[in-house]
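Working through the structure, step by step
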Amino acid sequence: MNVLDLARAEIRALTPYSSARMEADGGRVLLNANESPWSPANEAGEGLNRYPDPQPAALVNRLAALYEVAPEQVLLGRGSDEAIDLLVRAFCRAGTDAVLVSPPTFGMYAVAAAVQGAAVVQAPLGDDFSLDVDGVLAALTQQVRLVFVCTPNNPSGAPAAPAALAHLAQALRGRALLVVDEAYVEFADTASASALIAGNDHVAVLRTLSKAHALAGARVGVLLAAAPVITLLRRILAPYPLPAASIAAALAATDAAALVETRRRIAVLREQREWLRGELAALPEVVAVLPSAANFLCVRWRDAAAIYAQLRRAGIVVRDVTRYRGLADCLRVSVGTPAENRAVLAALRNVEVAA
Ligand SMILES: *Cc1c(COP(=O)(O)O)cnc(C)c1O
């Protein structure tokens, strides 16, 4: 079975929009896109009068090298959120098909499914928040087109075991696309699942520049998958997904010197994560700090609401994750700078922090 047999027939059949920018290669006088012939007034941005390249080769090649895949296995979009949306729209027929998620996990998979009119099948993580491959396979129905696995998982923090992912990929062949969301993998010890793509055209991996590469504001996300899947999704991708300024920022933030600095920062965050884990675990208000391979810690408290309010009074905002399955007493704390992490502990130790 070809992976595209899992996709919606009408998406395979549609004639994609052909943007003016795609036809402009080699042109000297560009009069085909109704653009302004002048850069914007007030020096607002040299060259911004032109539509951006839909999939700029320089950035595609840069990220293919960074993520160790071929350029034709890369799709650039507006954050991983766009890739999630495209996958659901391309593979799930409204009112018929479904996605499978393992709660507690990232909410966007279910939201994208709801927008598309696809059902959401749940196969919860295990009691220790590890991926339950047998549970996923038991919950799998004929309708499930996409199986989302977030590793390290947001909001709980633990990674899926590589062997479990490989097993799942094997079991899903011909049945569903396995989508591995690796938004936080840079902070983990586990290798990327992108190595699975070579032998499995039904495996897709989500990467993002939003977290480790400090570019959340630029909105650059990457889908890695077999070339036919990338080609399929390009048919329904917005004509010009990436703003020119975001393309420039992504290139600057991933050159050799930037990657050296990013790796140094990742090392600092990992070290701070372990330090913060130890300090938090020693506090009487803390019930447990969940294992995390990401840049955050999910913490169980005796009274999560009171702690949330106490931190808020000190001007510190953490994430209330009490609505998630199995996390009713938890707050998720991003690891910040060393000074920010010390401020969290100071606010927790001093119950009478001034408002
Ligand atoms: C933050 C995050 C992303 C990244 O989303 P972008 O749209 O690329 O900013 C993806 N998946 C998960 C689980 C996240 O927590």
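Summary of the structure given here. (Residues numbered from 1 in each chain as written. Predicted model: local features only at pLDDT ≥ 70, side-chain atom pairs only at ≥ 80, totals over all residues. Heavy atoms only, no water.)

1. Things to note about the pattern of salt bridges
In total, this model carries 16 salt bridges according to the counting rule given. Between Glu 35 and Arg 50 there is a salt bridge, with the nearest N and O atoms lying 2.5 Å from each other. Taken together, the residues Glu 35 in the loop between helix H1 (9-13) and helix H2 (57-67) and Arg 50 in the loop between H1 and H2 connect sequence positions 15 residues apart. In this structure Glu 35 comes out as buried when scored by relative accessible area, which is 18%. Here Glu 186 makes a salt bridge to Arg 207, at a shortest N to O gap of 3.3 Å. Here Arg 207 lies in strand E6 (residues 203-208) and Glu 186 lies in the loop between strand E5 (177-181) and E6, a separation of 21 residues in the sequence. Under the relative-accessibility criterion, Arg 207 is labelled buried at 8%. Overlapping salt bridges bring together Arg 93, Asp 97 and Arg 145 as one network. (Salt bridge = Lys/Arg side-chain N within 4 Å of Asp/Glu carboxyl O. Helix = DSSP H or I, 4+ residues; strand = E, 2+ residues; numbered from the N terminus. Buried < 20%, exposed > 50% of the residue type's maximum accessible area, 1.4 Å probe, protein only.)

2. Details of the site of the ligand
Neighbouring the ligand are 13 residues; Ser 80, Tyr 184, Thr 208, Ser 210 and Lys 211 lie closest to it. A distance of 2.6 Å separates an oxygen atom of the ligand from a polar atom in the side chain of Tyr 184. Here an oxygen atom of the ligand sits 2.6 Å away from a polar atom, N or O, in the side chain of Thr 208. For the ligand, the protein covers 93% of the area, taking 390 Å² as the surface of the free molecule. Per-element accounting of the shell around the ligand gives the leading share, three residues, to helix H3 (residues 79-91). Grouping the amino acids of the shell around the ligand by side-chain chemistry returns four nonpolar, five polar and four charged. (Near = heavy atom within 4 Å. Polar contact = N/O pair within 3.5 Å; in protein donor to acceptor, adjacent residues only side chain to side chain. Areas by Shrake-Rupley, 256 points an atom, 1.4 Å probe, with all protein chains shown as cover. Nonpolar A, V, L, I, M, F, W, Y, C, P; charged D, E, K, R; others polar.)

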